[in-house]
Amino acid sequence: MSNDTKATRYKLNRRGFVKGAAAGSAVAVAGIAGFPHIARAQAAVKLGVLHPVTGFLQFSGGQCRYGALMAIEEINASGGIKALGGAKLEPVLGDAQSKAEIGAAEVEKLNEAGVAAIVGAFSSGISLATTQAAAKYGIPHAVDVGVNDKIVGRGLENTFRFGPGFGVITKRGVEGLIEINKAAGNPAKRIVIVHENTTPFGSYMAGLMKKGLEPAGFEVVETLPHPTPNKDFRNIALKIKEIKPDVIIPSHYYNEGVLFLRTLQRQRVSAKGIYSVLGGASSQYRFVNEFPDAARNVMDCNHWFDPGKPAALGQRKKVEAAGKSYSYEVFLAYTAVKWIADSMERAGSADRARIIEAMASSTWSGHFMPYGATRIVKGQNTGAQPLVMQVQGSEIEVIAPSGYATRKAVFPS
Amino acid sequence: MNGFAKSHLGWLLLAAALLAVPVFVKSGRWIEFIELTLFVAVLGQGWNILGGYGGQYSFGHALFFGTGAYIQALLQFKYGVSPWIAMWFAVSGGVLVGLFVGYLSFRYGLRGSYFALITLAFAEAFHVVARSFISITEGGRGVQLALNRDPDQAIALFQFTFADPFLKSYGYYYVILALLMIAYGATWWMERSRFGAQLVALRENEDAAEALGINTFRTKMAAICMSAAITSSSGIYYVQKFLFVDPAIAYGPTKSVEALFAPIIGGLGTVLGPLVGSVFIHGLSEVTREAIDAVWGARPGVDLILFGIILVLVLGFAPKGLVGLAEAAWRRVARGGKAQR
Amino acid sequence: MDILGLQIPLYSWETVLGSAISGVFLGSIYALVALGLTLIYGVLHIINFAHGALLMLAMYAVFFVWHFWGIDPYAAMLIVVPGAFAFGYALQRYVIGKTSHGRDEIILLVTLGIAIVIENAALFFFSADERSVQVPYDLDGIDLGVTFAVYPELFALGGSLAVTLGLWLFMTRTDTGRAIRGVAKERQGARLVGINVDHVFAITFGLGTALVAVAASLLAPTYTVHPQTGYLFVLIAFTVVVLGGMGSFVGALAGGFIIGITEQLGRLYLGESLGLITISAIFIMILLFRPTGLFGHKT
Amino acid sequence: MILEVRSMSKTFGGLKAVSRASLSVGEGEIVSLIGPNGAGKTTLFAMISGFLKADEGSVAFAGVNVTGWRPHKVCRLGLVRTFQVVQPFPNLSVAQNIAVGAHTRLRSRAGALEKAGEVAHAVGMGDRLDMPAGSLTVAGRKRLELARALATEPRLLLLDEVMAGLNATEIDEIIGVIRDIRQSGVTILLIEHVMRAVMNLSDRTYVINNGVMIAEGTPNEVTQKPEVIEAYLGHGASERLEAMGAGGGHA
């Protein structure tokens, strides 16, 4: 297959393929029927939107897809890609079914559908496979979430990540904790880390946190890993009760986050602070609304938007009006798509290689994330960083770093 | 049994067709589709040896896939062993796990649901171990192999993603095809050997088999080893292609289910059953997905609802699998033909 | 403490006791989920792989009854349990029974297929969002000193005992119960005596599903629901059923508690992750050395 | 003596199924083992062939002590049994069924199938080679059971009620087959309720009741013995015995 992706060329390829392997090709127009008015536009630029929307990652995958489609809709509504004469973006949807091998197969499909770029694929494991498959065809691939640092920086020119990886998140997490602790007169010293250990995400996180915290004068008394899914946190609560740490640092997915925080509350376990790093539930509006007591004063270092940007708040209203949860998956995928669109504008072309060039040299600042102007080194946006939030009342407020803070931390609580 | 040569010819034609796939399929998408189908067909043939021919239904074949994948990945990751050497250890490791699980289960005479449940339990135990012993297995982080981008090293490192155009497009296809041919050749041989006859006999009736001089314990042990060897070989392909394995990929229930679906749908205890089943399952899921997408737009889950319903229907109408259904139809046609004559 | 190079942490007796008590509560949930499974296995000899999916479906039902009508999850049983019975009855009578041809491997795949359908139907109709039932008494309960027992946990514990007792009474004191036991013991014989075996099978499956719905109501205040919730309990439920003896209610109850306590203590000492190996270990040991389970009979 | 069974016992949950039973079979003989239902005949067979572990006693076959051997090992030494309730491999054809037995001596598949054909002809089912065993009649299954055992090239054949459930013609045919088998040099020990066959075929007969050997001798001798008649009478089988005995006399 050629790397050339001009629409005409793609159609030739497609016809050739239909001739070659006729099976099922009559219905091979994947995923466009949801947007029929767009699909028929002549000059549309195809964008692969690839997430695990079925299987065990379905919730996060679905949120990502929702965010990405939202961005595409907005771009089209405001006149498409102007540098391409107002060409509309046409999403080509892919479902990785929560399996890496299916993710890779979907990339092949997207390639033949002639996508100019791909956004995806939420999890680190799947993103590793999809970026690699996309690299074969030189398809620019923006990783929306996938926080594993090994996704970027393994030499794939096509692979970019707009958001932060583990390294930065834990570094900022430690810095934020130091800042908050200092402001309160350093009451916290002893720490317990609770993390999921079934996927790369939690397993890496715990190790990196420990490495960062100890030189800063904290003492990690205990690290408590648990599997995902997990049914019961009472043991962990009891252990924490016995250890009596100053700060508890949890790191896991939404379900475990909810169960963990509720268990702490039920077991009357308290600490000076709960400070999660990529906590599943801690900075999720859904959780805050449903269990305000369990969420009270929980802090979380996580992906977040710049609370000073009205666009973010507007989007939040829109998402919630649609009955969806405004979670990090939504705005990360949303921003990734916006970034790809901006790169197309800069490239003035839907050519894969030119988009890659434009992404690599991007200085985009039209987003609402707290990242500043984009600067890419080895595929990673070096300005990307998480923020530290705290649930105060029924709101999620940013408490660190001070440049973005909307409120002062309530600590110790 | 009309014509040994005829069935021989069929096999040769099938093999030739598979070898020649790159000649008439130029689409990366369809090559990938065929690759995945063959991958599950290999996984399923492993299961079929023990479950289809031997009648010992395992719910934990991920044990062998996962062990093969982990050994293949870890030897390279930790000790820089060449993938071409690691693969022999991967298969041997799978066989060792087979010996271990088989010895315990068969020594204590577990059959039927009990055997199914113990394999399930062993797979889960391996899952927990892979997750928990971080110093050995890297734990939940998984094992990620370095990506080779040097085309000259493609063969030496058994990584074809950035190889020359042909290898890049078809390299992994021929890897899985080679594994398929070995697995299916071995099964074909087995079906025509004393070992195969004895294995089938003990599936049909263990007491009678024992009375007729068959060492049922040893036959079952041999079957689980062969089964493990084939299934673990699919782990080699997986790791070399995706360069990543973690506990859930290796030992989660997904692979165990995939392994048993294909042969049961296709036809238990037949050489072609797992391949036919895998083609059917993948074809069906592709068609349902594309059809739903085309008429209704992307609706996550609907394709799988349809898939599940069709699956249950197929089971209802073809309890002996698709190969069984085809045979019955063939017999009817043949009988009809004779009657006319 | 250091035994053979393995670091065994020393915990205070309060923590250990608290952990064991948490095992009792967890065990009661296991028992609840396992009761339906063991009933179905005991009579139909089906390893029902749709069990987790049915549990998930019932939890959704409880959630929606609460969400739309504000009905408390325990009161929701009055609606959800009969519905589940009817659903299970129909499922066995018109799907499993018709398609499985009485062959084990087919039944297995049919239940797997049903699980796929239910799970993805849930994904399609209810979306992948996690849902939680919020009850006002979620945090109230009894302080046991070493640990705090909230009402939902106490209700689940009481529920598991009551359901086991009720089931036992039903099976021994009613005609339907006796018919079910008759079919479980001697299928062919029951047919000869004129029992409609297909009907009894369907009733059994319906009952098993109804039990799942009871479990769902008792679980609802504690757990979130999403299309994959069922996976939390399926494997454990198999373990409990095998440990207790396939088909034994008392076995399921005792098995639930034994597994719950062992698991919690195992996780306390070996870590939350590796501790789960205790469950697999029990499962394997029982299968090897006492396949009839603690309370099972030889078949 | 090709088979020497010495004082074997087996208890099931407090019930003595076989109690210090001994018997011996000489090379080339046809020996029968009779007794009322539940007397312990099949249990004794199961112990001789290795399916059951005896509580006490020993089995020597062809001069080798085979006590406690697994059935497949015993079979390879040349002692093979059939089952009272026939145990065919239902999804395999007649030829494949018999070939399983032939494989005990032959590695090659073709050789085993060829041998299966020969054996099938010998027992009179050469015309049913391709039929699935599951679709055979009761008589057909009995023959198949015999053929499969025969294909293992045994020196001693333990036949457990191969005539049960057959009609008179079928019984006569089977009797002929068994004679032929002995003619070919195979020793036979059989359990039988069909007295006509017992009287007809056996060189010697053992009678077992309540797990205890109560008589031994030629068929005519043992049927005269009062303890034997009593054993059967005790189970209300006197008429049948009479009838059978008379029938045997006619043949």
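A brief report on the enclosed structure follows. (Residues numbered from 1 in each chain as written. Chains lettered and ligands numbered in written order. Predicted model: local features only at pLDDT ≥ 70, side-chain atom pairs only at ≥ 80, totals over all residues. Heavy atoms only, no water.)

1. Observations regarding the interface of chain A and chain C
Taken residue by residue, the interface counts 34 residues in chain A and 44 residues in chain C. Contact with chain C buries area across many residues of chain A, yet Lys231, Arg234 and Arg266 of chain A alone supply 22% of it, more than any other trio. At the junction of chain A with chain C, the criterion picks out five salt bridges. For Arg234 of chain A, the salt bridge goes to Glu153 of chain C, with nearest N and O atoms at 2.5 Å. Run the count over chain A and chain C and you get 26 residue pairs in polar contact (both at pLDDT 80 or more). If you list the elements that add at least two residues to the side of chain A that touches chain C, you get α3 (58–77), β7 (219–226), α8 (234–243), α9 (254–266) and α10 (285–290) of chain A. If you tally residues by element for the side of chain A that touches chain C, the top one is α9 of chain A, at seven residues. Looking at the side of chain A that touches chain C, its residues break down into twelve nonpolar, eleven polar and eleven charged. (Contact = heavy atoms within 4.5 Å. Buried area = accessible area lost by both parts, 1.4 Å probe. Salt bridge = Lys/Arg side-chain N within 4 Å of Asp/Glu carboxyl O. Polar contact = N/O pair within 3.5 Å; in protein donor to acceptor, adjacent residues only side chain to side chain. Helix = DSSP H or I, 4+ residues; strand = E, 2+ residues; numbered from the N terminus. Nonpolar A, V, L, I, M, F, W, Y, C, P; charged D, E, K, R; others polar.)

2. Considerations on the side chain of Thr130 of chain A
Residue and element names in this part refer to chain A. Position of Thr130 relative to the elements: it lies in helix α5 (residues 124–136). According to the relative accessible area criterion, Thr130 is buried, its value standing at 0%. Setting aside its immediate chain neighbours within four residues, Thr130 contacts Leu50, Gly103, Ala104, Val107, Ala121 and His141. (Buried < 20%, exposed > 50% of the residue type's maximum accessible area, 1.4 Å probe, protein only.)

3. Topic: the interface of chain B and chain C
Every contact between the two is made by 42 residues of chain B and, on the other side, 36 residues of chain C. Summed over both sides, the interface of chain B with chain C buries roughly 3,500 Å², with 82% coming from carbon and sulfur. By the criterion of area lost to chain C, the three top residues of chain B are Tyr114, Leu117 and Val312 of chain B, representing 16% of everything that side buries. Counting across the chain B and chain C interface gives zero salt bridges. At the level of elements, α5 (83–107), α6 (112–132), α13 (253–266) and α15 (302–317) of chain B are the ones that each hand at least two residues to the side of chain B that touches chain C. By residue number, the principal contributor to the side of chain B that touches chain C is α6 of chain B, which donates 13 residues. Here the side of chain B that touches chain C is composed, by residue class, of 32 nonpolar, six polar and four charged.

4. Re the side chain of Lys41 of chain D
Residue and element names in this part refer to chain D. With respect to the helices and strands, the residue Lys41 is situated in helix α1 (residues 41–49). Within polar-contact distance, the side chain of Lys41 engages the backbone oxygen of Pro36 at 3.1 Å. Once residues lying within four places of it in the same chain are set aside, the contact partners of Lys41 are Leu33, Ile34, Gly35, Pro36, Ile191, His193 and Ile208.

5. A word on α3 of chain A
All names here are of chain A. Helix length check: α3, at 20 residues, gives a terminal C-alpha distance of 28 Å against a target of 28 Å (1.5 Å per residue), a fit within 8%. For α3, the tally of buried residues reaches 15 of 20 residues, placing the bulk of the element in the interior. The positive-phi residue at the C-terminal boundary of α3 is Gly79, with phi of around 100°. (Expected span 1.5 Å × (residues − 1).)

6. Notes on the nonpolar core
In this structure, Ile240 of chain A together with Leu157 and Met163 of chain D are the most contacted members of the largest nonpolar core, which totals 357 residues. Residue contributions to this core peak at 16 residues, all from helix α8 (residues 197–219) of chain C. Taken domain by domain, the makeup of this core includes at least three residues from each of domain 1 (7–163 + 310–381) and domain 2 (167–302 + 387–404) of chain A. Apart from the residues within four sequence positions on either side, Met163 of chain D is in contact with Ile171, Ile174, Ile175, Ile178, Glu192, Val194, Ala197 and Leu201 of chain D. Core analysis: the second largest hydrophobic core is formed by 29 residues, Ile180, Ala188, Phe201 and Ala206 of chain A among them. (Core = buried A, V, L, I, M, F, W, Y, C linked by side-chain atoms within 4.5 Å. Domains from an automatic or database assignment.)

7. Observations concerning helix α3 (residues 73–99) of chain C
The axis of α3 of chain C is deflected most strongly, by about 40°, at Ile79 of chain C, and proline Pro82 of chain C appears within four residues downstream. Buried within α3 of chain C are the following residues: Pro73, Tyr74, Ala76, Val80, Val81, Ala84, Gly88, Tyr89, Leu91, Gln92, Ile96 and Thr99 of chain C. At its buried positions, α3 of chain C is contacted by α15 of chain B together with α1 (13–44), α2 (51–69), α4 (104–126), α5 (151–173) and α8 of chain C. (Bend = angle between axes of the 7 residues up to and from the residue.)

8. A short note on the pattern of salt bridges
Tallying each qualifying case throughout the model produces 51 salt bridges over all chains. Close ionic contact of Arg29 of chain B with Glu290 of chain B constitutes a salt bridge, the shortest N to O distance being 2.8 Å. Here Arg29 of chain B, found in helix α3 (residues 28–53), pairs with Glu290 of chain B, found in helix α14 (residues 273–296); they are 261 residues apart in sequence, far enough to count as distant. Assessed through its relative accessible area of 6%, Arg29 of chain B is described here as buried. The closest approach of N and O atoms between Lys115 of chain D and Glu153 of chain D, which form a salt bridge, is 2.4 Å. A residue pair is termed long-range when its members are at least 10 positions apart, and Lys115 of chain D in helix α4 (residues 109–122) and Glu153 of chain D in the loop between α5 (138–151) and β7 (156–160) qualify at 38 residues. When salt bridges that share partners are traced, they join Glu106 and Lys109 of chain A together with Arg29, Glu286, Arg289, Glu290 and Asp303 of chain B into one network.

9. Here's the deal with the pairing of strand β1 (residues 3–12) of chain D
Residues and elements named next belong to chain D. Looking at chain direction, β1 and strand β2 (residues 15–25) are connected through seven bridges and run antiparallel. If you follow Thr11 over to β2, its bridge partner there is Lys16. Taking the residues between adjacent antiparallel strands as the criterion, β1 and β2 are bridged by two residues, where Gly13 takes a positive phi near 50°. Inspection of the sheet shows β1 paired to strand β4 (residues 56–61) by five bridges, in the antiparallel sense. Note on β4: the bridge partner recorded for Leu3 is Phe61. (Pairing = 2+ DSSP bridges.)

10. Things to note about unusual backbone geometry
Backbone torsion omega between Gly120 of chain A and Ala121 of chain A reads -5°, so that peptide bond is classified as cis. Of note, Ala121 of chain A is situated in the loop between β3 (117–120) and α5. At Glu138 of chain B, a position not held by glycine, the phi torsion is positive, near 75°. Residues other than glycine seldom take positive phi values, yet Arg20 of chain D does so here, at roughly 45°. Following the sequence through the fold, Arg20 of chain D ends up in strand β2.

11. Structural notes on the pairing of strand β2 (residues 89–95) of chain A
Residue and element names in this part refer to chain A. Summarising burial for β2: seven of the seven residues are buried, a large majority. Residues Leu89, Pro91, Leu93 and Asp95 of β2 are buried on one face, and the alternating residues Glu90, Val92 and Gly94, pointing to the opposite face, are buried as well. Pairing between strand β1 (residues 45–51) and β2: seven bridges, direction parallel. Bridge pairing in β2 places Val45 opposite Leu89. Handedness of the crossover joining β1 and β2 through α3: right-handed. (Right-handed = clockwise from strand over helix to strand, strands pointing away.)

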